[in-house]
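So the chains spell out like this:
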Amino acid sequence: MKYDIYPPVQVIRDEIFSRKLTVGKISALTNLSMGRLRNILTGRTDMTIRERDIICQSLGIYPGDVVLQREDLTDNKGFIDVRHFPEPLREAIRTLINALHDPKPPRRKRKKVTAS
């Protein structure tokens, strides 16, 4: 029986495959049982956030990257991956997005009108 694999799990699977690691090696690094890892990596069971973090730590990758690298998100035209941008540009983008989502825009100061 074929199971649907959750996109972040697929990213982790791809990372493990690209490094030519075995389930046994990941199991030793994470202290998760080989059976549990196989079930997660084949989509038989869901992975907990804690397990995702443990696996990512063992691979030396940031858990947020696993979420951002999902192929189903890159199909979204509103999604922009800024991880490869220089930090000052990423910070400028964050500032802009936060300003756009701020419910209370900054108030302008009114100029005092003086009678001549």
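Notes on the structure follow. What you see is a predicted model; the values in this text were computed from it and never measured. (Residues numbered from 1 in each chain as written. Predicted model: local features only at pLDDT ≥ 70, side-chain atom pairs only at ≥ 80, totals over all residues. Heavy atoms only, no water.)

### Things to note about the overall build of the protein
Stage number 1. In terms of helices and strands, the protein carries seven helices and zero strands.
Stage number 2. From first element to last, N terminus to C terminus, the protein shows the α and β order α-α-α-α-α-α-α.
Stage number 3. Considering the protein as a whole, with its 116 residues, one finds that 21% of them fall into the buried category.
Stage number 4. Surface summary for the protein: the accessible area is close to 9500 Å², and the carbon and sulfur share equals 55%. (Helix = DSSP H or I, 4+ residues; strand = E, 2+ residues; numbered from the N terminus. Buried < 20%, exposed > 50% of the residue type's maximum accessible area, 1.4 Å probe, protein only. Areas by Shrake-Rupley, 256 points an atom, 1.4 Å probe, with all protein chains shown as cover.)

### Observations regarding the side chain of E51
Stage number 1. For E51, the position within the fold is in helix α4 (residues 49-59).
Stage number 2. E51 sits in the buried class, given a relative accessible area of 9%.
Stage number 3. E51 has contacts with L32, R36, I40 and D46, leaving out every residue within four places of it along the chain. (Contact = heavy atoms within 4.5 Å.)

### Side note on the environment of R44
Stage number 1. When you line up the elements, R44 lands in the loop between α3 (34-41) and α4.
Stage number 2. Looking at R44, the relative accessible area reads 47%, which means it is partly exposed.
Stage number 3. Separated by 41 residues in sequence, R44 and Y3 place their C-alpha atoms 6.2 Å apart.
Stage number 4. Ignoring sequence-local partners within four residues, the contact set of R44 consists of Y3, R38 and N39.

### Overview of the side chain of R52
Stage number 1. When you line up the elements, R52 lands in helix α4.
Stage number 2. The residues touching R52, leaving out its near neighbours within four places in the chain, are I12, M47, P63 and V67.

### Considering the pattern of salt bridges
Where side chains of opposite charge bring their charged atoms close, a pairing between them can arise.
Stage number 1. A complete count under the given rule lists three salt bridges for this structure.
Stage number 2. The shortest N-O distance in the salt bridge between D53 and R52 comes to 2.7 Å.
Stage number 3. Taking the relative accessible area as the measure of exposure, D53 reaches 29% and is therefore partly exposed. (Salt bridge = Lys/Arg side-chain N within 4 Å of Asp/Glu carboxyl O.)

### Side note on the nonpolar core
Stage number 1. Residues I12, I16, M47, I55 and L59 are the most contacted members of the largest nonpolar core, which totals 14 residues.
Stage number 2. Put simply, the parts of the chain that give this core at least two residues each are α1 (7-18), α3 and α4.
Stage number 3. Per element, the largest residue contribution to this core is four residues, and it comes from α1.
Stage number 4. If we skip the residues at most four places from it in the chain, M47 touches V9, I12, R36, I40, R52 and I55. (Core = buried A, V, L, I, M, F, W, Y, C linked by side-chain atoms within 4.5 Å.)

### Description of α1
Stage number 1. Over its twelve residues, α1 runs 16 Å from end to end, which matches the ideal 16 Å to within 8%, given 1.5 Å per residue.
Stage number 2. Positive backbone phi, at 55 degrees, marks K20, one or two positions downstream of α1. (Expected span 1.5 Å × (residues − 1).)

### A short note on unusual backbone geometry
Stage number 1. Positive phi values are uncommon outside glycine, yet K20 reaches one of about 55 degrees.
Stage number 2. Looking at the element boundaries, K20 is found in the loop between α1 and α2 (23-30).
Stage number 3. Using a relative accessible area of 74% as the deciding quantity, one classes K20 as exposed.
Stage number 4. Non-glycine residue N31 carries a positive phi angle of around 65 degrees.
Stage number 5. Mapped onto the fold, N31 is located in the loop between α2 and α3.
Stage number 6. Under the relative-accessibility criterion, N31 is labelled exposed at 72%.

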